[in-house]
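# Summary of the model geometry
Letter by letter, the chains look like this.
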2 protein chains.
Amino acid sequence: MRVFVDIKKCYSLQEAHDSDGRVAQSESLGFIEDAVIVEDQGLIRWLGSRSEFEASRQALGVSSNTEIVSLSGTNILPAFTECHTHLVFAGDRSDEFEMRNQGVSYQEIAKRGGGILSTVNATRGASAEDLRALAQSRVAEFVKQGVTALEVKSGYGLSHEDEIKMLKVARSLKGPKVVTTYLGPHSVPAERSKSEYMQEIMNKTLPEVAKTRLADRADIFIEEGFFDPDDGRAYFQKAQELGLQITAHVEQLSDQGGAVLAAEFEALSVDHLVELGPEHIRQLGESKAPVCVLLPTADFYLKMAYPKARDLLDAGATVALATDFNPGSSPTQSLNFVGVLARLLMKMSLSEVVTAYTYGSAKALGLQADRGSLTVGKVCDFICFETEIENLFYQVGFHPVRSVYREGELLWNDKNKTV
Amino acid sequence: MRVFVDIKKCYSLQEAHDSDGRVAQSESLGFIEDAVIVEDQGLIRWLGSRSEFEASRQALGVSSNTEIVSLSGTNILPAFTECHTHLVFAGDRSDEFEMRNQGVSYQEIAKRGGGILSTVNATRGASAEDLRALAQSRVAEFVKQGVTALEVKSGYGLSHEDEIKMLKVARSLKGPKVVTTYLGPHSVPAERSKSEYMQEIMNKTLPEVAKTRLADRADIFIEEGFFDPDDGRAYFQKAQELGLQITAHVEQLSDQGGAVLAAEFEALSVDHLVELGPEHIRQLGESKAPVCVLLPTADFYLKMAYPKARDLLDAGATVALATDFNPGSSPTQSLNFVGVLARLLMKMSLSEVVTAYTYGSAKALGLQADRGSLTVGKVCDFICFETEIENLFYQVGFHPVRSVYREGELLWNDKNKTV
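Quick caveat, the model's predicted, so the values are computed rather than measured.

### What to know about the domain arrangement of chain A
Residues and elements named next belong to chain A. Under the domain assignment used here, chain A contains domain 1 (2–79 + 373–413) and domain 2 (81–364). Using only C-alpha atoms to locate each centre, domain 1 and domain 2 end up separated by 30 Å. Taken together, the 32 residues of domain 1 in the interface contact 35 residues of domain 2. Overall, the association of domain 1 and domain 2 removes approximately 2,600 Å² of surface from exposure, summing both partners, and the carbon and sulfur fraction of that is 61%. Taken together, the links from domain 1 to domain 2 amount to zero salt bridges. Connecting domain 1 to domain 2 are 10 residue pairs in polar contact (both at pLDDT 80 or more). Mapped onto the side of domain 1 that touches domain 2, the elements with two or more residues apiece are strand 4 (67–78), strand 14 (401–406) and strand 15 (409–413). Per element, the largest residue contribution to the side of domain 1 that touches domain 2 is four residues, and it comes from strand 14. For the side of domain 1 that touches domain 2, the class distribution of residues is 18 nonpolar, six polar and eight charged.

### What about the sheet that holds strand 2 (residues 30–40) of chain A?
Residue and element names in this part refer to chain A. Pairing is mixed in the open sheet, where seven strands are placed in the order 3-2-1-4-13-14-15. On the outer flanks of this sheet lie strand 3 (43–49) and strand 15, each paired with one strand and no other. This sheet shows a mean twist of 35 degrees between the axes of neighbouring strands, independent of strand direction. With six bridges joining them, strand 2 and strand 3 adopt antiparallel strand pairing. Its bridge partner lying in strand 3, D40 is registered against L43.

### Re the nonpolar core
With 200 residues, the main nonpolar core has A:F300 and B:F300 as its most contacted residues. Non-local contacts of A:F300, meaning those with residues more than four positions away in its chain, are made with A:Y306, A:F337, A:L341, B:F337, B:V340, B:L341, B:L344, B:L345 and B:V396. Listed in part, the 15 residues of the second largest apolar core include B:A35, B:I37, B:L47 and B:F382.

### Comments concerning the pairing of strand 9 (residues 245–250) of chain A
Every regular strand shows the same layout, with side chains that alternate between the two sheet faces. Residues and elements named next belong to chain A. Of all the six residues making up strand 9, five are buried; the element is thus mostly covered by neighbouring parts of the structure. Sheet topology places strand 8 (residues 217–218) next to strand 9; two bridges connect them, and they run parallel. Paired with A218 across the strands is I246, a residue of strand 9. Of the crossover connections in this fold, the one passing from strand 8 over helix 8 (residues 229–241) to the parallel strand 9 is right-handed. As paired strands, strand 9 and strand 10 (residues 269–272) are joined by four bridges and run parallel to one another. Considered in strand 10, the bridge of A248 is made with V270.

### A closer look at unusual backbone geometry
Residue A:Q41 is not a glycine yet carries a positive backbone phi of 50 degrees. Within the fold, A:Q41 resides in the loop between strand 2 and strand 3. We note that B:D6 has phi near 60 degrees; this positive angle belongs to a residue other than glycine. Tracing the sequence through the fold places B:D6 in strand 1 (residues 2–12). The class of B:D6 is partly exposed, set by a relative accessible area of 33%.

### Things to note about the relation of the copies chain A and chain B
When chain A is fitted to chain B, the best match, at an RMSD of 0.0 Å, comes from turning it 180 degrees and sliding it 0.0 Å along the axis. Here the transformation between the copies is reduced to the relation of a two-fold axis. For chain A, the smallest separation between a C-alpha atom and the rotation axis is recorded for A:G397, amounting to 3.0 Å. A high fraction, 100%, of the interface residues of chain A reappear at the interface in chain B, so the copies pair face to face through one surface.

### Side note on the packing of helix 13 (residues 335–346) of chain A against helix 14 (residues 350–364) of chain A
All names here are of chain A. Contact geometry for helix 13 and helix 14: axes closest at 10 Å, N-to-C directions at 135 degrees. It follows from the interaxial angle that helix 13 and helix 14 lie oblique. The handedness of the crossing between helix 13 and helix 14 is right-handed. Of the residues in helix 14, those touching helix 13 at L335, V338, G339, A342 and R343 are L350, V353 and Y357. Broken down by class, the residue content of the contact of helix 13 with helix 14 amounts to six nonpolar, one polar and one charged.

### Considerations on the side chain of B:S329
In this fold, B:S329 is placed in the loop between strand 12 (319–321) and helix 13 (335–346). Apart from the residues within four sequence positions on either side, B:S329 is in contact with B:T297, B:A298, B:Y301, B:L302 and B:D324.

### Describing the interface of chain A and chain B
The interface is formed by 33 residues belonging to chain A together with 33 residues belonging to chain B. Looking at the side of chain A facing chain B, the largest losses of area belong to A:L344, A:Y394 and A:V396, adding up to 24% of the total buried there. Summed over the shared surface of chain A and chain B, the result is two salt bridges. In this structure, the salt-bridge partner of B:R343 is A:E98, at a minimum N-O distance of 2.6 Å. For the pair chain A and chain B, the interface holds 20 residue pairs in polar contact (both at pLDDT 80 or more). At six residues, helix 13 of chain A tops the list of elements feeding residues into the side of chain A that touches chain B.

### What about the side chain of B:E163?
All names here are of chain B. Among the structural elements, E163 can be located in helix 6 (residues 160–171). For the buried E163, no salt bridge exists, and the shortest N-O distance to an oppositely charged side chain is 7.5 Å, to R124. In terms of polar contacts, E163 uses its side chain to reach the backbone amide nitrogen of G155, at 3.1 Å. For E163, the side chain forms a polar contact with the main-chain nitrogen of L158, separated by 2.8 Å. Aside from chain neighbours lying at most four places away, what touches E163 is S154, G155, Y156, G157, L158, Y182, L183, G184, Y197 and T205.

### A short note on the sheet that holds strand 7 (residues 177–182) of chain A
All names here are of chain A. Taken in spatial order, the eight strands of this open sheet run 5-6-7-8-9-10-11-12, and their pairing is parallel. Among the strands making up the open sheet, the edge pair consists of strand 5 (80–82) and strand 12 (319–321). Here helix 8 sits on the sheet and contacts strand 7, strand 8 and strand 9; the angle it forms with strand 9, its principal contact strand, is near 160 degrees.

### Structural notes on helix 13 of chain B
All names here are of chain B. For helix 13, the buried fraction is high: 11 of the 12 residues fall into the buried class. Along helix 13, the residues classified as buried are L335, N336, F337, V338, G339, V340, L341, A342, R343, L344 and M346. Looking at the residues trailing helix 13, positive phi occurs at K347, about 60 degrees.

### Observations concerning the pairing of strand 7 of chain A
Residue and element names in this part refer to chain A. Extensive coverage of strand 7 is indicated by the burial of five of its six residues. Summarising the sheet, strand 6 (residues 147–153) and strand 7 pair through five bridges and their orientation is parallel. Bridge pairing links K153 to T181 in strand 7. Taking the sense of rotation as the criterion, the β-α-β connection linking strand 6, helix 6 (residues 160–171) and strand 7 turns out right-handed.

Thresholds, definitions, all that
- Residues numbered from 1 in each chain as written.
- Chains lettered and ligands numbered in written order.
- Predicted model: local features only at pLDDT ≥ 70, side-chain atom pairs only at ≥ 80, totals over all residues.
- Heavy atoms only, no water.
- Domains from an automatic or database assignment.
- Contact = heavy atoms within 4.5 Å.
- Buried area = accessible area lost by both parts, 1.4 Å probe.
- Salt bridge = Lys/Arg side-chain N within 4 Å of Asp/Glu carboxyl O.
- Polar contact = N/O pair within 3.5 Å; in protein donor to acceptor, adjacent residues only side chain to side chain.
- Helix = DSSP H or I, 4+ residues; strand = E, 2+ residues; numbered from the N terminus.
- Nonpolar A, V, L, I, M, F, W, Y, C, P; charged D, E, K, R; others polar.
- Pairing = 2+ DSSP bridges.
- Axes fitted to C-alpha atoms, helices over the stretch in contact; angles between N-to-C directions.
- Core = buried A, V, L, I, M, F, W, Y, C linked by side-chain atoms within 4.5 Å.
- Buried < 20%, exposed > 50% of the residue type's maximum accessible area, 1.4 Å probe, protein only.
- Right-handed = clockwise from strand over helix to strand, strands pointing away.
- Least-squares fit on C-alpha atoms with pLDDT ≥ 70 in both.
- Parallel < 35°, antiparallel > 145°, perpendicular 65-115°, else oblique.
- Left-handed = near helix turned anticlockwise from the far one by under 90°.
- Lys, Arg positive; Asp, Glu negative; His and termini not counted.

This is the structure in structure tokens:
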């Protein structure tokens, strides 16, 4: 048991559930001034103001032997959940960034060995140890921004062995809680036809990653030139039979009806949603719809339109934000930049951004019972920051996290890097 | 005398001067592998490869007593010059950011006490000591990104006393070399007419800041609703008589012909240049034209078009980049983000971005004889970074400066903050 004191303001979504059991996201964040948190076995046992704490001290079993941790008058927020990353990869596509900016066409870049297949080649060629070291340093970069739960996808192996290798690397990562997602159907490998590759996925890799529990979830990229809704339907069916949770890359470049298809299979989340019509927006507002994961940094780097976050929120959808960190279309790990884009270009309020990066993204991973807000019974995962909350997700490059706690333990602070 | 060794690659613009004496900016950055720099009295005395160094060691007067500093196999670049900031201010406009994003009009924000005049009120109300502390922490934020020369403007005082107060604060800042700019004609204060205020500027403040050398340069905001080209002409004339260097905010929101007007008065730089026609672009490409200072983060936050950097460079203009850091239209100090925007949305190559943030911005402050490249005789100001250069100005939030040297002395490193 630990008692955290000297908390200037403890901010969190107040989980007011509506009649469908959903948490309303459009409300302001609540806060408790001069707060105290009592942690026990990694969970929040009690949370309230200092004066309430003093009154219930004895009832809580806090004695003179209990460890007291001062948070030095900082403000706190629930730790962030980053729910969409492709952070296991080798190689580098900075040369391609330069070429694209100078007007070299995608075709020409592909001819010169660029594009996703260059990452596939580099990732296949790398040892698991090398991949792990690269991925672990990227995890550390997320942790110091306040992330204590992190999703990691495969999808640069594009063969049974290489996808398994990526998932093993993902499973081995230390620091935050890691959720792994099998994304075999990310692209079709150069050396095989789509149907050959899909056969391997359906008959070999998907069953194996489910059985060995290497993957928690199954993901697919439904897009013209990649996988179509029929592939999606077969894949979701199989994943569901195998007991895997479902997520999907949908409506990034064109409207394929992927979001609604994934919703049929009770997907946890549907991600990207740039090219989404009003009828689909309405359907994603329904009570059991998947979480809508919006990835504005990919839109920034691809110079696309931004998702209609305002319409989704107004329709009642649960929205999450994530970096989509990958070496091609979203080469950034900056939560701060994601949030600035969401506020400036997607009409999300600060409260909505914070809620999307805590509760929304936790729900996208099916973890909302355990995390996403500072609530009794949930994990004691929080970040301390020194500024007023209004200064978060405002200045690009300013994200003043001072320390990060996971299950009541210090995971990182800006003096003493523990990851 | 100091000898810097263990430099993996020493990158810098190679100063090839054209027949007009200008440095070509469109070329690739050159580099020396396994480089050595010999520093003496803050200047670069010698620069070359390790083997050349060994051959000329004796001729350079390097003895067994000479201090040898290992740069641990990092790459180095000339330190950055940040040539356009408004970093002396009090108050906070994060509330206004939220209102703007939620669709509250500028008029309504002004009515609620927002806009530039809210910064003026807060800055007038702050003591010089408080302003200095705020400004010094912002300077530190620039230094750790590799800035060793920094421009600081007044312009939130809008009265004789308050403008002088701001310039005194700017002059007192420690760490990098500071160039101060008087920007009395930034906006018209609420309590006076424009002509009353311009009289004070012309007859009182401008002469005083010139005489006391509180300001190195004079700046004006030429824009509809602010100051017009006639105000500009009178102001430039007076500034020139008083021996102040000239710079101007021009063509940010509309084409007023401000850039060409400033060029007539041999301005060092013309800044913003969003609304610039082809004829003016041609004129800014002429050999004696001012440096074109582009400020893409302001365009990002204001959701404007971006300046036509490609056209300016192709016309022969000298281009600089800067943050325009201020609490309203450009609330970011991120050099990294400026560079990513320049590459992604302004068609500048990586070499052009680095050159614009080193040579171009030094020239915008009239400092190109002393800094802006690693050249014998210039100041020994450089940064060390661990990644390959291709990874700079690419990932938003990734700007891996490991240490910063000014005049051969360590100014900052990521372990031991000296500012």
